[in-house]
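Summary of the model geometry
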Amino acid sequence: MNFSNSTTDNTESLKDTDRLSHQWKSINWIEIEHDVNRLQTRIAKAVTNGDKNKVKRLQYLLTHSFAAKAYAVKKVTTNKGKNTSGVDKILWSTAASKMKAVLTLTDRGYRAKPLKRVYIAKKGKNKKRPLGIPTMYDRAMQTLYALSLEPIAETTADTISFGFRRGRSAKDACEQIFNVLSRKCSPTWILEGDIKGCFDNINHEWLQSNIPMNKRIMKQFLKSGYIYEGILFPTETGSPQGGAISSLYANITLDGLEKVIQDKYHRNSKGNIENHFRAKTKVNLIRYADDFIITANSREIAEELKSVVSMFLEARGLTLSEEKTAITQICDGFDFLGWTFRKFHDKLIVKPSKSSVRSIIRKCSDIILHEGKATTQSDLIRRLNQVIRGWTNYHKHTVASHVFSQVNNTLYLLLRQWAKHRHPKKNSWWRLNRYWHESHGKPWTFSTENDVLINLRRISIVRHPKLKISKNPFLDKEYFLLRKLELHSSPAA
């Protein structure tokens, strides 16, 4: 055996690793993000001007640029799934491996590997949702092409779509619903729409015909198949949840529903939208990803809308879920995105839904009575504060003070059980004095010297500022920057 050659090879390998590592660490990420955003803005402007050829050229330029490839790899290696591998069990955890990925990311001869199929529990249900996990390389490719597709999707999107879109959130959808339903003359009937397995059933032929991106690469994303329990299954329909580009595909598939509704209910014989027609039928659509509601002035119009939506979805291989699609009156109320919307004496009240309240109590109960049995008080407070802060920040723009107080009372009872479990032979006064102290002038606060449990009763209710739905994040950057600063400056939990 020639040991000298082996040593030389190892030395060269170490030099290559050091060089790649240095290259990755020396990347100017501010400049990279600026270059990517500049190209995305040019794509959005070309779409607005109707120049399809220019859009294609700019998309090609973006997907083949070093900046976009580096940005795609960074996104893949910094998000929540960075420690989850695909079927090849490869992770990009070192600076050298990330830089190598950037240099080897190419569409030349690209073939996507099958997805790793896992099942995750649906929120508050016994059913499980299928999730497809691509390899790191495939995730980077999907992210790269998503960067070139997003400006097109944003520019052509329905104005009333709020899910999986830059600068938009569920709270914006909530505010839009409030503006539509809060007046005395507002519509009184609601069509609650739910699409059956939206991500799993989108027609591949429709996607290939209507989504403006490289068709060969798109086919690789869609037809990669998945592996479950060692068996390879083909994917004939749908875009699996878990893919970096799947949410864009779903949004583009459902975009156009607003126009269908406008054409039928808002336009006159000359094709112009008139407030007279809008006021007569009171038909308004609000969509968040594949969940939506449509308002109407009568049950008959709501039933008609159900047929209109079904015809729109049929061309895309989708159907409405008969079990979850319902027509309700606003005085009976409906749940949407974790909130309950209901009118009492012509006043619209929006508050956290019962299922959302049950979810936070169940989560806190698990932390306190199961995970927290052997933990310290400080660790327990920090873990609870994470959950409470996230939940209250989501709901604090609604009529939530009473609900916050109820949850706070339940937490107190759960924490008393926790203290009793730790000290079963001590009396209740001893336990109270051990774990509840005065903090910031407030007595009987569950706290330590360094950590204080959030008191939900003291959380301020703050109105969420309404979004100008006609604004585009690639063309109206100043507006979204000022809005972001406004949202961040609002009082936090």
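Each chain has its residues counted from 1, following the order in which its sequence is written. Residues qualify for local features only when their pLDDT is at least 70, as the model is predicted, and side-chain atom pairs are given and counted only at 80 or more; totals for whole chains, interfaces and linings, by contrast, use all residues. By convention in this description, side-chain values take in all heavy atoms of the structure and omit both hydrogens and water.

1. With respect to the overall build of the protein
Assigned secondary structure in the protein consists of 19 helices and 13 strands. The C-alpha extent of the protein, read off along each of the three principal axes, is 75 × 75 × 45 Å. Burial analysis of the protein (493 residues in total) assigns 47% to the buried set. Contacts spanning at least 24 positions in sequence make up 69% of the contacts within the protein whose residues lie at least 6 apart. We count a stretch as a helix when DSSP gives it H or I for four or more residues in a row; a strand needs E for two or more, and each element gets its number in order from the N terminus. Type-normalised accessible area, obtained with a 1.4 Å probe on protein chains alone, sets the label of each residue: buried when under 20%, exposed when over 50%, and partly exposed for intermediate values. By definition, residues are in contact when any of their heavy atoms lie within 4.5 Å.

2. Points about the environment of A157
With respect to the helices and strands, A157 occurs in the loop between helix 6 (136–156) and helix 7 (170–181). The sequence separation of A157 and Y394 amounts to 237 residues, and the corresponding C-alpha distance is 25 Å. Discounting chain neighbours no more than four positions away, the residues touching A157 are R165 and D255.

3. A short note on the nonpolar core
In terms of nonpolar packing, the biggest core is built from 78 residues, with M213, F221, I245, Y249, I294 and L305 touching the most fellow members. Tallying contributions element by element places helix 6 first for this core, with ten residues. The residues touching I245, leaving out its near neighbours within four places in the chain, are Q142, Y145, A146, L149, M213 and F221. Core analysis: the second largest hydrophobic core is formed by 28 residues, I381, L432, L453 and I454 among them. Throughout this description, the term nonpolar core refers to a set of buried Ala, Val, Leu, Ile, Met, Phe, Trp, Tyr and Cys residues connected via side-chain atoms within 4.5 Å.

4. As for the sheet that holds strand 2 (residues 128–133)
Whether two strands pair comes down to DSSP finding at least two bridges between them. Ordered by their spatial adjacency, four strands build an open sheet running 2-1-4-5, and the pairing between neighbours is mixed. A strand with exactly one partner marks an edge of an open sheet, and here the two such strands are strand 2 and strand 5 (231–233). For this sheet the average axis-to-axis angle between neighbouring strands, irrespective of direction, equals 40°. Looking at chain direction, strand 4 (residues 226–228) and strand 5 are connected through three bridges and run antiparallel. Paired with Y226 across the two strands is F233, which belongs to strand 5. Axis definition: a line fit to C-alpha positions, over the contact stretch in the case of helices; interaxial angles, taken between N-to-C directions, run 0 to 180 degrees.

5. Describing a nonpolar patch on the surface
Here, patches come from residues exposed beyond 30% relative accessible area and free of salt bridges, joined within 9 Å for like charges and within 5 Å for nonpolar side chains (Val, Leu, Ile, Met, Phe, Trp, Tyr). Residue burial considers only the protein chains on display, and all accessible areas are found by Shrake-Rupley using a 1.4 Å probe. Each reported salt bridge corresponds to a side-chain nitrogen of Lys or Arg within 4 Å of a carboxyl oxygen of Asp or Glu. Together, L481, L482 and L485 give the surface a local cluster of nonpolar side chains, amounting to about 310 Å² of exposed area. Among the structural elements, L485 can be located in helix 19 (residues 477–489).

6. Remarks on helix 14 (residues 299–314)
The periodicity of an α-helix, 3.6 residues per turn, causes residues three or four positions apart to be oriented the same way. Given a rise of 1.5 Å per residue, 16 residues ought to cover 22 Å, and the 23 Å separating the end C-alpha atoms of helix 14 matches this to within 8%. Residues I301, A302, L305, K306, V308, V309, F312 and L313 constitute the buried set of helix 14. In a helix, the anticipated span is given by 1.5 Å times the number of residues less one.

Geometric values such as these leave the question of function open.
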